[in-house]
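Single-letter residue listing:
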Amino acid sequence: MDGEIINIKKWVVIYPVYINSKKTIPEGRRICVSKACENPTCAEIGDCCSHFKLPFAIEIDKAYPRDFMQRGRVRVLLKKEDGTLCNPAISSRKQLMLRIAELVPRHPGRTKKPEPASTSNATTSKSGKGGKKKR
């Protein structure tokens, strides 16, 4: 029961926007596009935190101020009360975001979805549309 009454207000906040490759830096992305992942969800970020054995809490009622239509954020505990790291491999918020962005594309819920999307990208429908617009 003691573990439940922890003050999560001091925990690091990760919004999905921070690691979304579809967003620009002015829209809230915090890491470079090449390392970011496409449209991450709070559940996926939470699963990644549990993979790193970091305590986390998903807050569904919260929204990112610059994009308040996208609900949810994840709070993660990086350092314990005594200042020691929960996971010695992850020492900063930036490092955590980069590690999560690496894992999200390999998330079990995603492994089936990207395949049809990649085949539709392989067809020339998008480039065809672009050509018509230019004319």
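One can find the structure itself at the top, above this paragraph.
It should be emphasised that the depicted structure is a prediction, and the values quoted were computed from it without experimental measurement.

Reading the values: rules and limits
Residues numbered from 1 in each chain as written. Predicted model: local features only at pLDDT ≥ 70, side-chain atom pairs only at ≥ 80, totals over all residues. Heavy atoms only, no water. Helix = DSSP H or I, 4+ residues; strand = E, 2+ residues; numbered from the N terminus. Buried < 20%, exposed > 50% of the residue type's maximum accessible area, 1.4 Å probe, protein only. Lys, Arg positive; Asp, Glu negative; His and termini not counted. Salt bridge = Lys/Arg side-chain N within 4 Å of Asp/Glu carboxyl O. Polar contact = N/O pair within 3.5 Å; in protein donor to acceptor, adjacent residues only side chain to side chain. Contact = heavy atoms within 4.5 Å.

Asker: How should I be thinking about the side chain of Arg29 in this particular structure?
Answerer: Relative to the assigned elements, Arg29 resides in the loop between strand E1 (12–14) and helix H1 (42–51). This buried residue, Arg29, is left without a salt bridge; Glu27 holds the nearest opposite charge, at 7.3 Å. One polar contact links the side chain of Arg29 to the main-chain carbonyl oxygen of Lys23, over a distance of 2.7 Å. Beyond its immediate chain neighbours, meaning those up to four positions away, Arg29 contacts Val17, Tyr18, Asn20, Ser21, Lys23, Thr24 and Ala36.

Asker: Quick question: what am I supposed to make of unusual backbone geometry here?
Answerer: Of note in this structure, Asn39 is not a glycine but carries a positive phi near 40°. By the secondary structure assignment, Asn39 is in the loop between E1 and H1. Its identity is not glycine, yet Lys53 carries a phi of approximately 60°, on the positive side. Here Lys53 is to be found in the loop between H1 and strand E2 (56–64).

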